[in-house]
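Observations on the three-dimensional arrangement
In case you want the letters, here they are:
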Amino acid sequence: QVQLVESGGGLVQAGGSLRLSCAASGSIFSIAAMGWYRQAPGKQRQLVAYIARGITPTYADSVKGRFAISRDNAKNTVYLQMNSLKPEDTAVYYCNAVPSRIDWGQGTQVTVSS
């Protein structure tokens, strides 16, 4: 069914920006909520942002004001614009439905240096 491929990660200095992309092989139009998750070393995967029909995008307190999620249903793609990055943002970033019910992709590594 739907497969997810994340891209756009990399190494960036604190205060810098990155834009992540999540390309779905199938249509995500019928999926009401899509989100970005991240998993730091030694920690559980956590939801950091999601977007759904009928509500404004929602963010974890740790990223609110710095990250922005968006989706383009015509392109079956979800984006995460990350600004003012901090070392604590270092993690592997994944996209998925909310709640997560699609097979996880490989994720994309984001490393923020101080």
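Before going into details, it helps to say that this report is about the structure given with it. (Residues numbered from 1 in each chain as written. Predicted model: local features only at pLDDT ≥ 70, side-chain atom pairs only at ≥ 80, totals over all residues. Heavy atoms only, no water.)

**Remarks on the pairing of strand 7 (residues 67-72)**
Stated formally: Classification of residues uses two cut-offs on accessible area relative to the type maximum, computed with a 1.4 Å probe and protein chains only: under 20% is buried, over 50% is exposed, and between them is partly exposed. For helices the rule is a DSSP run of H or I covering at least 4 residues; for strands it is a run of E covering at least 2, with both sets numbered from the N terminus onward. At least two DSSP bridges between two strands are needed for those strands to be called paired.
Burial along strand 7 is one-sided: the residues Phe67, Ile69 and Arg71 are buried and none of Ala68, Ser70 and Asp72 is. In this structure, strand 7 lies alongside strand 8 (residues 77-82), joined through 6 bridges in antiparallel fashion. Paired with Asp72 across the strands is Thr77, a residue of strand 8. Counting the residues in the hairpin turn of strand 7 and strand 8 gives 4 residues, including Asn76, whose phi is positive at 50 degrees.

**Describing the environment of Met34**
In plain terms, the rule: Only heavy atoms enter the contact rule, under which two residues are in contact if any of them lie within 4.5 Å.
Within the secondary structure, Met34 is located in strand 4 (residues 33-39). With a relative accessible area of 0%, Met34 lands in the buried category. Separated by 64 residues in sequence, Met34 and Val98 have C-alpha atoms that sit 5.5 Å apart. In this structure Met34 touches Ile28, Ala49, Tyr50, Ile51, Ile69, Arg71, Val78, Asn96, Ala97 and Val98, once residues within four positions along its chain are discounted.

**Considering the packing of aromatic side chains**
The criterion, for reference: Aromatic rings from Phe, Tyr and Trp, taking only the six-membered ring of Trp, are treated as a pair when their centres fall within 6.5 Å; an angle between ring planes under 30 degrees marks them as stacked, one over 60 as edge-to-face, and anything in between as tilted.
In this structure the tally under the stated criterion is 2 aromatic pairs. The interplanar angle of 90 degrees and the centroid separation of 5.1 Å between the aromatic rings of Tyr37 and Trp104 together place this pair among those described as edge-to-face. With Tyr37 in strand 4 and Trp104 in the loop between strand 9 (91-97) and strand 10 (108-113), the pair connects residues that are 67 residues apart, well separated along the chain. A residue is classified by how much of its surface remains accessible, and Tyr37, at 9% relative accessible area, is buried. Using a relative accessible area of 33% as the deciding quantity, one classes Trp104 as partly exposed. With a centroid separation of 5.8 Å and an interplanar angle of 75 degrees, the aromatic rings of Tyr94 and Trp104 are classed as edge-to-face. Of this pair, Tyr94 sits in strand 9 while Trp104 is found in the loop between strand 9 and strand 10, placing the two residues 10 residues apart along the sequence. One aromatic cluster in this structure is built from Tyr37, Tyr94 and Trp104.

Function-wise, these values are silent; they only describe arrangement.
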